[in-house]
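What follows is each chain in one-letter form.
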Amino acid sequence: MNLIEKVFEEMSTDADGNDKQAQIIEQEYLDATEDEQKAIDRVFIALCGWSLRTLIKGHKATENYNPY
């Protein structure tokens, strides 16, 4: 099992509520510096193909955004 598979497995079996986790992720992202946000976005792109910025704001709002 590779790292991405492990992450998805742990996410799917976590006992905490998804709403609480989603709020934590979004708040941490919004509180992060620009460089930290870009690093987070690159991780999300590796995990699911979308930056966290795109997932939060929607595709249209981030068309010109480049986290690299």
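Details of the structure are given in the entry above.
The numbers attached to residues start from 1 for each chain and follow its sequence in the written order. Totals for whole chains, interfaces and linings use all residues, but because this is a predicted model, local features are given only for residues with pLDDT of at least 70 and pairs of side-chain atoms are given and counted only at 80 or more. The basis for the side-chain values is all heavy atoms of the structure; hydrogens and waters are excluded.

Asker: How should I be thinking about the pattern of salt bridges in this particular structure?
Answerer: A side chain of one charge can pair with a side chain of the opposite charge when the charged atoms of the two come close. Salt bridge, as used here, is a side-chain nitrogen of Lys or Arg placed within 4 Å of a carboxyl oxygen of Asp or Glu. Overall, the coordinates contain one salt bridge when judged by the stated rule. Lys38 serves as the salt-bridge partner of Glu34, at 3.6 Å between the closest nitrogen and oxygen. Taken as a pair, Glu34 and Lys38 lie in helix H3 (residues 34-48) at a separation of four residues, close to a single helical turn. What makes Glu34 exposed here is its relative accessible area of 55%. For every residue, the accessible area obtained with a 1.4 Å probe (protein chains only) is divided by the maximum for its type, and the residue is called buried under 20%, exposed over 50%, and partly exposed between those limits. For Lys38, a relative accessible area of 21% corresponds to the partly exposed category. Note on conventions: DSSP H or I runs of at least 4 residues are helices, E runs of at least 2 residues are strands, and numbering of each starts at the N terminus.

Asker: What am I meant to see in H3 here?
Answerer: Within an α-helix, residues lying three or four positions from one another point in the same direction, as the helix has 3.6 residues per turn. To estimate how far a helix should extend, the number of its residues minus one is multiplied by 1.5 Å. For H3, which comprises 15 residues, the first-to-last C-alpha distance of 21 Å matches the rise-based estimate of 21 Å (1.5 Å per residue) to within 8%. Phi turns positive one or two residues past the end of H3, at Gly49, with a value near 90°.

Asker: Explain a negative patch on the surface here, please?
Answerer: For patch detection, residues must exceed 30% relative accessible area and be free of salt bridges, and they are connected within 9 Å for like charges or within 5 Å for nonpolar side chains (Val, Leu, Ile, Met, Phe, Trp, Tyr). Only the protein chains shown count as cover for residues, and the accessible areas themselves come from Shrake-Rupley with a 1.4 Å probe. His is not counted here, nor are the chain ends, while Lys and Arg score as positive and Asp and Glu score as negative. Where a charge lies is defined by one atom per residue type: Lys uses NZ, Arg uses CZ, Asp uses CG and Glu uses CD. Judged by side-chain charge, Glu9, Glu10, Asp14 and Asp16 come together as a negatively charged surface patch. The class for Asp14 is partly exposed, based on a relative accessible area of 38%.

Asker: Is there a simple way to think about the side chain of Asp41 in this case?
Answerer: Relative to the elements of secondary structure, Asp41 occurs in helix H3. As a buried residue without a salt bridge, Asp41 has its nearest oppositely charged side chain in Arg53, at a separation of 4.2 Å. In the analysis that follows, any N or O atom pair within 3.5 Å is treated as a polar contact, provided that within protein one partner can donate a hydrogen and the other can accept it, and provided that, for residues neighboring in sequence, both atoms belong to side chains. At a separation of 2.8 Å, a polar atom in the side chain of Asp41 contacts the side chain of Tyr29. Only heavy atoms enter the contact rule, under which two residues are in contact if any of them lie within 4.5 Å. Once residues within four sequence positions are removed from consideration, Asp41 is found in contact with Tyr29, Ser51, Leu52, Arg53, Tyr65 and Pro67.

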